[in-house]
Amino acid sequence: MSNWLEHSVQIEVAAPIDLVWNLWSDLEQMPQWMKWIESVEVLKDNPDLSKWKLASGNFEFSWLSQIQKIVTHQIIQWESVDGLPNRGAIRFYDRHGSSIVKLTVAYGVPGWLIKIMDNLFLGRIVESTLMADLERFRDYAVSLKDREEDNG
């Protein structure tokens, strides 16, 4: 039996919503800013499904994820259908020239792991990792925006 833990982090990105949305909606780009995500492969025959691999140190997890909901410039919601149990959403808020990105992730943790690991400790690790991922994303998106402006 799994216990579910959920974490939310958000960041403001000094880039327009179009750019921010386009980066996040191209799932295969995520390893560029998400440290523990080793690979994402969108299935050619069903683009609502994607294979994910998370790797950190000796840990490696994989899962098949299905898009549950997409509203352009507002939300991408997913849930795993096989492998590591997880679900979540990325929400976008247009601030007219900048964007707020809010990432919520929930994942199932086996009962035996909960017994040996403190939820608060695990939560701090996950939230600090997700926040660092959003900071990398912000820097990546702003650098792309600056390059477009320089070339524009």
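Preceding this section is the structure that the text describes.
Treat the numbers as computed from the prediction; the structure is a model and nothing was measured.

Trainee: Summarise the overall build of the protein; cite the residues concerned and give the values.
Mentor: Secondary structure assignment for the protein yields 3 helices and 7 strands. What you see in the protein, going N to C, is helices and strands ordered as β-α-β-β-β-β-β-β-α-α. Against the compact-globule benchmark of 15 Å for 152 residues, the protein has a radius of gyration of 16 Å, which places it among compact chains. Seen through its principal axes, the protein has C-alpha atoms that stretch 55 × 35 × 25 Å. A buried classification covers 39% of the 152 residues belonging to the protein. A separation threshold of at least 6 residues defines the contact pool for the protein, and within that pool the share at least 24 residues apart is 49%. As displayed, the protein offers around 8900 Å² of accessible surface, 50% of which is attributable to carbon and sulfur atoms. The distance from the centre of the 15 positive side-chain charges to the centre of the 22 negative ones in the protein is 5 Å.

Trainee: Can you lay out the packing of aromatic side chains for me, pointing to particular residues and giving the numbers?
Mentor: The final tally for this structure, using the stated rule, is 7 aromatic pairs. Aromatic pair W21 and F92: ring centres 5.1 Å apart, planes at 70 degrees, arrangement edge-to-face. With W21 in helix α1 (residues 17-25) and F92 in strand β6 (residues 86-94), this pair connects stretches of sequence that are 71 residues apart. We note that W21, like F92, is buried. Residues W24 and F137 carry aromatic rings whose centres are separated by 5.1 Å and whose planes lie at 45 degrees to one another, so their mutual orientation is tilted. One end of the pair, W24, is in helix α1; the other, F137, is in helix α3 (residues 119-151), and 113 residues separate them in sequence. Residue classification places F137 among the buried residues on the basis of a relative accessible area of 0%. Positioned above the aromatic ring of W4 is the side chain of R87, whose terminal nitrogen or guanidinium carbon lies 3.8 Å from the ring centre.

Trainee: Give a description of the pairing of strand β7 (residues 99-110) that names residues and reports values.
Mentor: In terms of residue burial, β7 counts as a mostly covered element, since 10 of its 12 residues are buried. Of the strand pairs in this sheet, β6 and β7 are connected by 9 bridges, and their pairing is antiparallel. The residue bridging G88 from the neighbouring strand is V105, located in β7. Connecting the antiparallel pair β6 and β7 is a turn made up of 4 residues, with H96 showing a positive phi of about 50 degrees.

Trainee: Hey, could you go over the nonpolar core for me, with residue numbers and the actual values?
Mentor: If you look at soluble globular proteins, the nonpolar side chains tend to sit buried side by side. Core analysis: the largest hydrophobic core is formed by 38 residues, its most contacted members being W24, M30, F92, V101, L103 and F137. Filtering out sequence-adjacent residues up to four positions away, W24 remains in contact with M30, W33, M34, I76, I90, F92, V101, L134 and F137.

Reading the values: rules and limits
Residues numbered from 1 in each chain as written. Predicted model: local features only at pLDDT ≥ 70, side-chain atom pairs only at ≥ 80, totals over all residues. Heavy atoms only, no water. Helix = DSSP H or I, 4+ residues; strand = E, 2+ residues; numbered from the N terminus. Rg over C-alpha atoms; globule rule 2.2 N^0.38 Å. Buried < 20%, exposed > 50% of the residue type's maximum accessible area, 1.4 Å probe, protein only. Contact = heavy atoms within 4.5 Å. Areas by Shrake-Rupley, 256 points an atom, 1.4 Å probe, with all protein chains shown as cover. Lys, Arg positive; Asp, Glu negative; His and termini not counted. Charge placed at Lys NZ, Arg CZ, Asp CG, Glu CD. Phe/Tyr/Trp six-rings, centres within 6.5 Å; stacked < 30°, edge-to-face > 60°. Lys NZ or Arg CZ within 6 Å of the ring centre and 35° of its normal. Pairing = 2+ DSSP bridges. Core = buried A, V, L, I, M, F, W, Y, C linked by side-chain atoms within 4.5 Å.

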